[in-house]
Structure formats: C-alpha cells, structure tokens
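Structural features, examined
Listed here are the chains, written in short residue letters.
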Amino acid sequence: MTDQKKIQNLDWDSFGFAVNPSRSLYIEETKEGEEWPEGELRPYGNISISPAAGVLNYGQGVFEGIKAFRSKKGRIVFFRLEENAKRFYSSAERICIPPVPVDKFVAAVKKIVLDNEDFVPPTGRGALYVRPLLLGTGPILGVAPTSSYTFLIFVSPVGPYFKGGIKPLNLRVTKNFHRAAPKGIGNVKAIGNYSASLYPQRLAKKAGFNEVIYLNAGNEELVEEVGSANVFALTGNVLKTARLAGSILPGITRNSVIHIAREKLGLEVQETDLTLKEVLAADEVFCTGTAVVVCPIGRISTDDSDHVINNDKMGKVTQELRTILTGIQNEELEDTFGWVNPLE
Ligand SMILES: Cc1ncc(COP(=O)(O)O)c(C=O)c1O
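Let me begin by describing the structure that accompanies this report. (Residues numbered from 1 in each chain as written. Predicted model: local features only at pLDDT ≥ 70, side-chain atom pairs only at ≥ 80, totals over all residues. Heavy atoms only, no water.)

**Remarks on the pattern of salt bridges**
All chains considered together, the criterion is met by 16 salt bridges. Asp118 is the salt-bridge partner of Arg23, the closest N and O atoms lying 2.6 Å from each other. Placement of Arg23 in the segment before strand 1 (24–31) and of Asp118 in the loop between helix 3 (102–115) and strand 6 (127–136) is noted, with a sequence separation of 95 residues between them. On the basis of relative accessible area, Arg23 is assigned to the partly exposed category, the value being 31%. One salt bridge connects Lys316 with Glu320, and the closest N-O pair in it is separated by 3.7 Å. Pair noted here: Lys316 and Glu320 are both in helix 7 (residues 316–329), with a separation of 4 residues, about one helical turn. We classify Glu320 as partly exposed; its relative accessible area is 30%. When salt bridges that share partners are traced, they join Lys73, Arg75 and Glu331 into one network. (Salt bridge = Lys/Arg side-chain N within 4 Å of Asp/Glu carboxyl O. Helix = DSSP H or I, 4+ residues; strand = E, 2+ residues; numbered from the N terminus. Buried < 20%, exposed > 50% of the residue type's maximum accessible area, 1.4 Å probe, protein only.)

Here you go:
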C-alpha cells in the first residue's frame, strides 16, 4: 500500500459477500466505431441511464469478477488479472460491444483499486471485490447493437463467501432448467446468463439447497457447472472437470486448479465429458470460482435420489487445492506460476 491512505477502520468480519460502499467508481464511455477514451473516477453512487438503453431492453451487457487481496507481504495483489481482461474482451465481442483492450482494462482496474486501497481488508479477512461492467447504454428500439457504450467499474470490500467457515454445499441437480445451450452465450460472462439462473436458484433455495447443478442441454447425462462456479470430481488419482465445449464458463479458478492439481499434486486431470453418474460416485466433489475459491460439495440430490459425498466432509485433495490456491493468492506460498500481480 502507498503511504497516503491508512486502512479504513471498518467491521471487516461483519462483511459477507455483499455490496458495501467504497469511495469511487471508474467510468468511461465510447461510441460504436470509436476508441475507448481515458476514463475518470467519480464518487461512488448511482449513474443515470436512458430508459431505452440496449442493456436495459435487450441485456446487452457483460461483466467480470476479480478480487484484490492484501497479501502477507503487506502489499495489494491481483490474481491472474490479465485472464479476466481477456475474458472481458471475448465476452464483449460475443454480444457486439466494442471490446476494451487488455492493457486498458488492467490499468483501469488498478486505477480504481488504488483510489480505494484503504477499502482492501486486512490480510486473511476478505478481499476487495472488483466488478467491471460493459454496458450498451445508447438508446435502441429495434433489436440491434446500440450506438454507445459505458465501461464502468465499482469495488466493494467483501468478507468470506461462507461466514462461519466452509461447510460442504448441498446441491440439487436440475432437469427442469438448463443454464446455457451449446452455441449460446454460456461460455461468456453475459448478464443474461445470470438472470436465467435466478428462478432455478430460488426454487432450489426454497427446497433447502445451496445452489443448482446444471446439466448439458444436449445430453442430460453430463454435468456442466453450478450457477457461478465450475465443478470437479475426484476418483482415485483422477480429477475430472467438464470440458469447455461452448456452454460452460472458462473459469480462471478452474484453470488454476487444473495446473495446481497436475503440477503440485501430481494428479491426472481430465477435461472431458463429466457424467452425472461419476460425479455421484466420486471420492470428492468440489466447485471453483473467484467468489467461492475451492468449495467442497457434500450432498447432491437428483429427482429420485440423494447422495452424500465423502461423508459430507471437505476431502483431503479439496483442502490441499484450496490451501495452495489461497496460499499463492495471499503470497504465503511461492508463486511458481507467475499468477500474482502487485498493485503498483
Ligand atoms: C457461470 C460461472 N461459472 C464459473 C465461474 C467461475 O469463474 P472464475 O473462476 O473465473 O471466477 C463463474 C464466475 O465467474 C461463473 O459465473
């Protein structure tokens, strides 16, 4: 951290994974066919938007989710920030938004985090969640890409996703809904994917589950992912996750776990067709994402059966993967992959 700003005196341990106000937001606007200009910081608060905006009417919007950590070395770091920048770029292209160049994205994220550095929680007590948005804000009536766009970033200090420690998740497999279709937009972070998941999530929560496991829309024997996390199943020495066949989000945590499992734990990792049958029979099942990190799945229910995985406990390999990943993020462990970028 620079000398200027002392860490805010906030009740960090009361924060869950929720929006907590910070100082500023980053904003810039462009028109179709023009370059993205230099953005500016504004006090955190509401923005005004046309009622005819493409994003409000046709969901022309994409987003990212990033965490800035205060590491054990006392500095603020990002984890694989360029990967978020690249995904933001391909998400934008897929729904006809002028993409933000990777370098510009990285610089913008660093700028807003620097302005809000005192809102990055103390080491091990949470993170500053960074939410970049790219929105079609020009007015449009017929269904078409709109004429002007806004790149916006807000930040929010967050606590751990699971307050009171990690508890294995209790998930429901749904055959009533699909999250995404092959050749659709499930492989990018388009906002529409998430509105589609709200109703299945609500039903699952009402029935006492934490979240939903989605199956492949073309073959319901195959597991795709959880609403906002990728799924892994370990059987013996083999760790499997669904291959990226177009409808699954290419999670950055997913990719990191694949590297750690292969290179640090010596597991055989397969990106493959992940059958529901093998997930239900696996030794350990877990999900991965920026928000949940690596989280064990302890129970899975289908329409006609309930399954307990690893006695509803976090498995040894799941724990190891989580420890190594968070160790690298907090700079407690050596970053042999070159994944950590400091805020400078
Ligand atoms: C649908 C979906 N799958 C998986 C993930 C995990 O991705 P990451 O590890 O990049 O956070 C996310 C979160 O971004 C998501 O929204």
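**Structural notes on the packing of aromatic side chains**
Following the criterion strictly, the structure yields 12 aromatic pairs and no others. Centre to centre, the rings of Trp12 and Phe15 are 5.8 Å apart; their planes meet at 90°, and the pair counts as edge-to-face. This pair shows no difference in class: Trp12 is buried, exactly as Phe15 is. Ring plane angle 75° and centroid distance 6.1 Å describe the contact between Trp36 and Phe151, whose orientation is recorded as edge-to-face. (Phe/Tyr/Trp six-rings, centres within 6.5 Å; stacked < 30°, edge-to-face > 60°.)

**Focus: the packing of helix 5 (residues 252–263) against helix 7**
As a packed pair, helix 5 and helix 7 sit with axes 10 Å apart at the nearest point and diverge in direction by 110°. By the angle between their directions, the pair helix 5 and helix 7 is classed as roughly perpendicular. For the pair helix 5 and helix 7, the sense of crossing is right-handed. From helix 5, Thr253, Ser256, Val257, Ile260 and Ala261 reach across to helix 7, where they touch Leu321, Ile324, Leu325 and Ile328. Here the residues of the contact of helix 5 with helix 7 are counted per class, giving 7 nonpolar, 2 polar and no charged. (Axes fitted to C-alpha atoms, helices over the stretch in contact; angles between N-to-C directions. Parallel < 35°, antiparallel > 145°, perpendicular 65-115°, else oblique. Left-handed = near helix turned anticlockwise from the far one by under 90°. Contact = heavy atoms within 4.5 Å. Nonpolar A, V, L, I, M, F, W, Y, C, P; charged D, E, K, R; others polar.)

**Looking at the site of the ligand**
Taken together, 16 residues are adjacent to the ligand, and Lys189, Tyr194, Glu225, Thr253 and Thr290 come closest. Contacts to the ligand include Tyr194, whose side-chain N or O atom sits 2.5 Å from an oxygen atom. Here Thr253 contributes a side-chain N or O atom positioned 2.5 Å from an oxygen atom of the ligand. Considered on its own, the ligand offers 380 Å² of accessible surface; in the complex 96% of this is hidden by protein. Breaking the shell around the ligand down by element, the ones donating at least two residues are strand 11 (229–235), helix 5 and strand 14 (284–289). Among the residues forming the shell around the ligand, the class breakdown is 4 nonpolar, 8 polar and 4 charged. (Near = heavy atom within 4 Å. Polar contact = N/O pair within 3.5 Å; in protein donor to acceptor, adjacent residues only side chain to side chain. Areas by Shrake-Rupley, 256 points an atom, 1.4 Å probe, with all protein chains shown as cover.)

**Thoughts on helix 5**
Over its 12 residues, helix 5 extends 16 Å from the first C-alpha to the last, a length consistent with the 16 Å expected when each residue adds 1.5 Å. For helix 5, the set of buried residues is Ile252, Thr253, Arg254, Ser256, Val257, Ile258, Ile260 and Ala261. (Expected span 1.5 Å × (residues − 1).)

**Looking at the side chain of Thr137**
Tracing the backbone through its elements, the reader meets Thr137 in the loop between strand 6 and strand 7 (148–158). Setting aside residues up to four positions removed in sequence, Thr137 forms contacts with Ile49, Ser50, Ala53, Thr146, Ser148, Tyr149 and Thr150.

**Thoughts on the packing of helix 2 (residues 81–94) against helix 3**
The interhelical angle for the contact between helix 2 and helix 3, taken along N-to-C directions, is 125°, at an axis separation of 9 Å. With respect to their mutual orientation, helix 2 and helix 3 come out oblique. You can see that helix 2 and helix 3 cross each other, and the crossing is right-handed. Contacts between helix 2 and helix 3 involve Leu81, Glu82, Asn84, Ala85, Lys86 and Phe88 from the former and Val102, Phe105, Val106, Val109 and Lys110 from the latter. For the contact of helix 2 with helix 3, a count of residues per class yields 7 nonpolar, 1 polar and 3 charged.

**Some thoughts on the side chain of Thr174**
When you line up the elements, Thr174 lands in strand 8 (residues 169–174). A polar contact is formed between the side chain of Thr174 and the backbone nitrogen of Asn176, at a distance of 3.0 Å. Once residues within four sequence positions are removed from consideration, Thr174 is found in contact with Val212, Ile213, Tyr214 and Leu215.

**Some details on the nonpolar core**
Core analysis: the largest hydrophobic core is formed by 30 residues, its most contacted members being Phe78, Phe105, Val109, Val113, Leu134, Phe151 and Ile153. Of all the elements in the fold, those that place two or more residues in this core are strand 4 (66–70), strand 5 (76–79), helix 2, helix 3, strand 6 and strand 7. With 6 residues, the single largest contributor to this core is helix 3. In contact with Leu134, not counting residues within four places along its chain, are Trp36, Gln60, Gly61, Val62, Phe88, Ala92, Ile97, Pro98, Val100, Thr150 and Phe151. Val231, Cys295, Ile300 and Ile309 belong to the second largest nonpolar core, which has 24 residues in total. (Core = buried A, V, L, I, M, F, W, Y, C linked by side-chain atoms within 4.5 Å.)

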